[in-house]
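Remarks on the overall topology
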Amino acid sequence: MNEPQLRQELLSLDLLPVSEITTLLEEAETFSYGKSWRGETEQFVANLFFEPSTRTRYSFEVAEKKLGLEVLSFDAKHSSVQKGETLLDTVKTFEAIGVEAVVIRHPENEYYHDLREHVSIPIINAGDGSGHHPTQSLLDLLTIQQEFGQFAGLTVVIAGDLRHSRVARSNARALKRLGADVRIAGPAEWMAGFTDEYDHLPFDEALGQADVMMLLRIQHERHGGGMRWSKEEYHRQYGLTLERETRMKKEAIILHPGPVNRDVELASELVEAKRSRIFKQMKNGVAVRQAVLKRALTR
Amino acid sequence: MNEPQLRQELLSLDLLPVSEITTLLEEAETFSYGKSWRGETEQFVANLFFEPSTRTRYSFEVAEKKLGLEVLSFDAKHSSVQKGETLLDTVKTFEAIGVEAVVIRHPENEYYHDLREHVSIPIINAGDGSGHHPTQSLLDLLTIQQEFGQFAGLTVVIAGDLRHSRVARSNARALKRLGADVRIAGPAEWMAGFTDEYDHLPFDEALGQADVMMLLRIQHERHGGGMRWSKEEYHRQYGLTLERETRMKKEAIILHPGPVNRDVELASELVEAKRSRIFKQMKNGVAVRQAVLKRALTR
Amino acid sequence: MNEPQLRQELLSLDLLPVSEITTLLEEAETFSYGKSWRGETEQFVANLFFEPSTRTRYSFEVAEKKLGLEVLSFDAKHSSVQKGETLLDTVKTFEAIGVEAVVIRHPENEYYHDLREHVSIPIINAGDGSGHHPTQSLLDLLTIQQEFGQFAGLTVVIAGDLRHSRVARSNARALKRLGADVRIAGPAEWMAGFTDEYDHLPFDEALGQADVMMLLRIQHERHGGGMRWSKEEYHRQYGLTLERETRMKKEAIILHPGPVNRDVELASELVEAKRSRIFKQMKNGVAVRQAVLKRALTR
């Protein structure tokens, strides 16, 4: 891939230099304070979601409308995808009718790999299979930065269902590049692909060190659903219980990308706990997406 | 429930004092004459429809757009509801991303009961199961008021499928509170829950007394579909036939919430009859929803 | 049908005099150069798509938004159609809530036949079964006119799946009325209904004469899917192969309404060939629909 920054696409944080991540976070921060920005002319964007989504889909839509963009919400079920049309031809259709950026969530990892060679409008990746989810990563980073002012010296624990998750991997990598100390926690068999680079600590030990407990959703829908623990058993062994929460550092915060499996990854009451930043994350999602869209649409 | 009026939510007409119903009808009346009102800043509302709807859904959308609101149309089938997310977490997500009111239709009776304790944005009930449907009630009331100027002294006959319908019950109650004389008509077994409070008259006797014939839709989809009459038989016994229409009072009007089962509740030709206000009801639905939304969004 | 032009509906090009087609093309041409036009007041249109569509649906939506219209996107699956509501009652609902034009795609041929007698807002036909598709025809005509400046003297070959296709027939007829010389090519059994009026030439002979090769999509979804050739076999016998393309006239262009069955109707590489106007067609689709909507909404 050559010169991704020129086309202002956003596929994975791994492709962005730290300086550009920092710039995006600064821009997002101003949007989170209510900054308003609108392009000079009427511009169309299309949201192409091939997988269910609430948070990502609607926060993109809010971000787009706050920027004054015209939004086309593509619905694969009622489209020519039903007649066998490919993703490429679908995107090229939107390009032809005047759309200036596409936001895509698709179940296939790196769906954008060939696609980006054939279209000239920027692709904003809203999640590719178990691949990347750069706007989710950015909103996590923004939330941490707002809390602590910096990444250096922070201990971030990523806990739970990391299995082959490139989302988790590019999150971990971005945090590391920004100066944070990343540890992982959770069932050993869900740490595959991470233990070479990151310390795998027992849950309770990790918990005691964390400035940020980043709990990941158990993605039953991606792994065939089987889990060798009951929900109660998992919660007791690897969940953030009410009792465990009392042993966290005084200023430590809880993050979760949502949707939460209540009483599994964390106790239901903790979703709205004082140290939870789960709703702050959603709110920041809008600001981050405004920054990403502005970057995609200005040249 | 405490101080529902402060939060400007709208759950059921039963919770509103007569004075507030009257105020809403006055406001709706001015909207029906083309009054325009827009909030000072950009505001987002989300429409969360968990059941099929044409009239209610799109008249809310027209009302919202006439008020200059940004509309998010939530589609449960393509949302995180598919991953098990609850209604509460869905609404809290919309609250977090900046939505200032939610319009909800949901199959569960009083779905809003716990929900309203956990969110701080107003909920506008667009129908809960066989529960309430306050904007439908308001548009019925507005249509009657426009026709007759007042409720006192009017005889309103509610006819057809009243079975355990809280929609019908809160309609009846609101009419009674406003001074109308309410009678019921239709098959005895569909009058359950009403005969204590309202006179159940033979269809033809009720018809002769009615200033307003409010025909209710037979809700096959809510009752397992079984009906012990054929459609023709039902129409002959309890439907508004062409012949029966000629025996109505000179100034009497016909209401029906739609969608109409043509040639069942009433003869197909009567949908567009001179005394039918069925399309007027739909038109008034927009004005009523503008009034309700304005009330929800101004403090 | 009387005075279709007064109601500014658009059902089939067959119902328009040549002068009106010419006027629409002129108007569309100015829109394609970026002309902007907006109505004086806020106007609502509803898009009612009862069949999957990407190109037509979203280019109508882009056209509508460019004209500053408020758009309601009707979704039959989540509407009262699920409770048995008819197309007529659905359209009358939209009329009642203030919609000023409806764009409809429906699987039934001439679904608009009775409908138009009962509604007073213009219907814009976005495709009726295997019937007409006037905005598709207009965008084909606009693309040809932009290329050659006129229709007189041009040889247009319509090739492929013409079976009983009124789309193809009204396209052919409009081209003929505008002065073009129309030939047909493809499997003999797919030419039914055309051979009386148009010369059926062997594919390679037609190809050599064509200024415009208008390839039609094989509509597996309309014909039960059976085809007596494999895709490779069909492509070899009746497809525009890479080799055949080299034998086209120097200035000849390729049209296809999309979605393309790549490597069946034409070689995949030819979709983006120098002489392909397939993406130009899509782009013109927006301009044509702006012209049609403007015509429907101004009196």
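It should be emphasised that the depicted structure is a prediction, and the values quoted were computed from it without experimental measurement.

**Quick notes on the environment of Glu232 of chain C**
All names here are of chain C. Note that Glu232 resides in helix H9 (residues 231-238). For Glu232, a relative accessible area of 54% corresponds to the exposed category. Expressed as a C-alpha distance, the spacing of Glu232 and Val264, which sit 32 residues apart in the sequence, is 6.9 Å.

**Comments concerning the interface of chain B and chain C**
Opposite the 25 residues of chain B that make contact, chain C presents 22 residues. Summed over both sides, the interface between chain B and chain C buries roughly 2,200 Å², with carbon and sulfur atoms accounting for 56% of that surface. Taken together, the connections running from chain B to chain C amount to 4 salt bridges. For Arg38 of chain B, the salt bridge is made with Glu42 of chain C, and the minimal N-O distance between the two is 3.3 Å. For the pair chain B and chain C, the number of links is 11 residue pairs in polar contact (both at pLDDT 80 or more). Residue assignment for the side of chain B that touches chain C shows that the elements contributing at least two residues are helix H3 (55-66) and helix H11 (278-297) of chain B. Of all the elements, H3 of chain B adds the most residues to the side of chain B that touches chain C, at 8 residues. Its residues assigned to classes, the side of chain B that touches chain C shows 7 nonpolar, 3 polar and 15 charged.

**Considerations on the domain arrangement of chain A**
All names here are of chain A. Splitting chain A by domain gives domain 1 (4-132 + 284-297) and domain 2 (135-282). Measuring from the centre of the C-alpha atoms in domain 1 to the corresponding centre in domain 2 gives 26 Å. Contacts between domain 1 and domain 2 engage 28 residues on the former and 27 residues on the latter. Between domain 1 and domain 2 lies a buried interface of about 2,400 Å² when both sides are counted; carbon and sulfur atoms form 55% of it. Looking only at domain 1, the three residues that lose the most surface to domain 2 are Leu25, Arg55 and Asn284, adding up to 29% of its buried area. Counting the contacts that link domain 1 with domain 2 gives 1 salt bridge.

**Thoughts on the relation of the copies chain B and chain C**
The two copies are related by a screw operation: chain B maps onto chain C through 120° of rotation and 0.0 Å of translation along the axis, at an RMSD of 0.0 Å. Taken together, the turn and the small shift mark the pair as related by a three-fold rotation axis. Comparing interface residues between copies, only 4% of those in chain B also sit at the interface in chain C, which points to a heterologous contact through distinct surfaces.

**Some points on the pairing of strand E1 (residues 44-49) of chain A**
Residues and elements named next belong to chain A. Where burial is concerned, most of E1 is hidden: 6 out of the 6 residues are buried. Residues Phe44, Ala46 and Leu48 of E1 are buried on one face, and the alternating residues Val45, Asn47 and Phe49, pointing to the opposite face, are buried as well. Regarding the hand of the β-α-β motif, the stretch spanning E1, helix H3 (residues 55-66) and strand E2 (residues 70-75) is right-handed. For E1 and strand E3 (residues 99-106), the ladder comprises 6 bridges, and the chain directions are parallel. Following the sheet pairing, Phe44 is matched in E3 by Val99.

**Quick look at the interface of chain A and chain C**
Contacts between chain A and chain C engage 22 residues on the former and 25 residues on the latter. Interface area, chain A with chain C, both sides summed: about 2,200 Å², of which 56% is carbon and sulfur. Joining chain A to chain C, the criterion identifies 4 salt bridges. Where Glu85 of chain A meets Arg55 of chain C, a salt bridge forms, and the shortest distance between an N and an O atom there is 2.6 Å. At the boundary of chain A and chain C, one finds 11 residue pairs in polar contact (both at pLDDT 80 or more). Secondary-structure elements contributing two or more residues to the side of chain A that touches chain C are E2 and helix H4 (87-96) of chain A. By residue class, the composition of the side of chain A that touches chain C is 8 nonpolar, 7 polar and 7 charged.

**Let's talk about the sheet that holds strand E6 (residues 181-185) of chain A**
Residues and elements named next belong to chain A. The 5 strands lie next to each other as E7-E6-E5-E8-E9, forming an open sheet whose pairing is parallel. In this open sheet, the two strands that pair with only one neighbour each are strand E7 (199-200) and strand E9 (253-255). Its contacts with the sheet put helix H6 (residues 134-148) on strand E8 (212-215) and E9, and the angle it makes with E9 is roughly 170°.

**Quick look at the relation of the copies chain A and chain C**
Once chain A has been moved 0.0 Å along the axis and rotated by 120°, it coincides with chain C to within an RMSD of 0.0 Å. Taken as a fraction of all interface residues of chain A, those also at the interface in chain C reach only 5%, which identifies the copy contact as different-surface.

**Considerations on the confidence of the model for chain A**
Parts of the model with low pLDDT should not have their predicted coordinates read in detail. Predicted confidence across chain A gives a mean pLDDT of 93, with 95% of residues reaching 70 or more. Considering only residues more than four positions removed or in separate chains, one finds that residues 1-5 of chain A, a stretch of pLDDT under 50, has 11 contacts.

**Observations concerning the UniProt feature "binding site: L-aspartate" (unreviewed entry) in chain A**
UniProt records the feature "binding site: L-aspartate" (unreviewed entry) for Lys83, Arg166 and Arg217 of chain A in the present numbering. Considering the C-alpha atoms alone, the annotated residues occupy 135 residues of sequence and remain spread out, their largest mutual distance being 34.2 Å. Looking at where Lys83 of chain A falls in the secondary structure, it is placed in the loop between E2 and H4. Looking at where Arg217 of chain A falls in the secondary structure, it is placed in the loop between E8 and helix H9 (231-238). For Arg217 of chain A, the residues in contact, after removing those within four places along its chain, are Asp161, His256, Pro257, Gly258, Pro259, Asn261 and Glu265 of chain A together with Lys83 of chain B. Within the structure, the side chain of Arg217 of chain A is placed 2.8 Å from the backbone oxygen of Pro259 of chain A, a separation counted as a polar contact.

**Here's the deal with the packing of aromatic side chains**
All names here are of chain B. Taken as a whole and assessed by the stated rule, the structure comprises 33 aromatic pairs over all chains. Residues Phe74 and Phe94 carry aromatic rings whose centres are separated by 5.6 Å and whose planes lie at 90° to one another, so their mutual orientation is edge-to-face. Pair noted here: Phe74 is in strand E2 (residues 70-75) and Phe94 is in helix H4 (residues 87-96), with a separation of 20 residues, a long-range link. Assigned by exposure class, Phe74 and Phe94 land together as buried. Seen from their ring centres, Phe194 and Tyr198 are 6.4 Å apart, and the 40° between their planes marks the pair as tilted.

Reading guide: rules and limits
- Residues numbered from 1 in each chain as written.
- Chains lettered and ligands numbered in written order.
- Predicted model: local features only at pLDDT ≥ 70, side-chain atom pairs only at ≥ 80, totals over all residues.
- Heavy atoms only, no water.
- Helix = DSSP H or I, 4+ residues; strand = E, 2+ residues; numbered from the N terminus.
- Buried < 20%, exposed > 50% of the residue type's maximum accessible area, 1.4 Å probe, protein only.
- Contact = heavy atoms within 4.5 Å.
- Buried area = accessible area lost by both parts, 1.4 Å probe.
- Salt bridge = Lys/Arg side-chain N within 4 Å of Asp/Glu carboxyl O.
- Polar contact = N/O pair within 3.5 Å; in protein donor to acceptor, adjacent residues only side chain to side chain.
- Nonpolar A, V, L, I, M, F, W, Y, C, P; charged D, E, K, R; others polar.
- Domains from an automatic or database assignment.
- Least-squares fit on C-alpha atoms with pLDDT ≥ 70 in both.
- Right-handed = clockwise from strand over helix to strand, strands pointing away.
- Pairing = 2+ DSSP bridges.
- Axes fitted to C-alpha atoms, helices over the stretch in contact; angles between N-to-C directions.
- pLDDT = per-residue confidence, 0-100.
- UniProt positions renumbered as here; feature names shortened; annotations may be inferred.
- Phe/Tyr/Trp six-rings, centres within 6.5 Å; stacked < 30°, edge-to-face > 60°.

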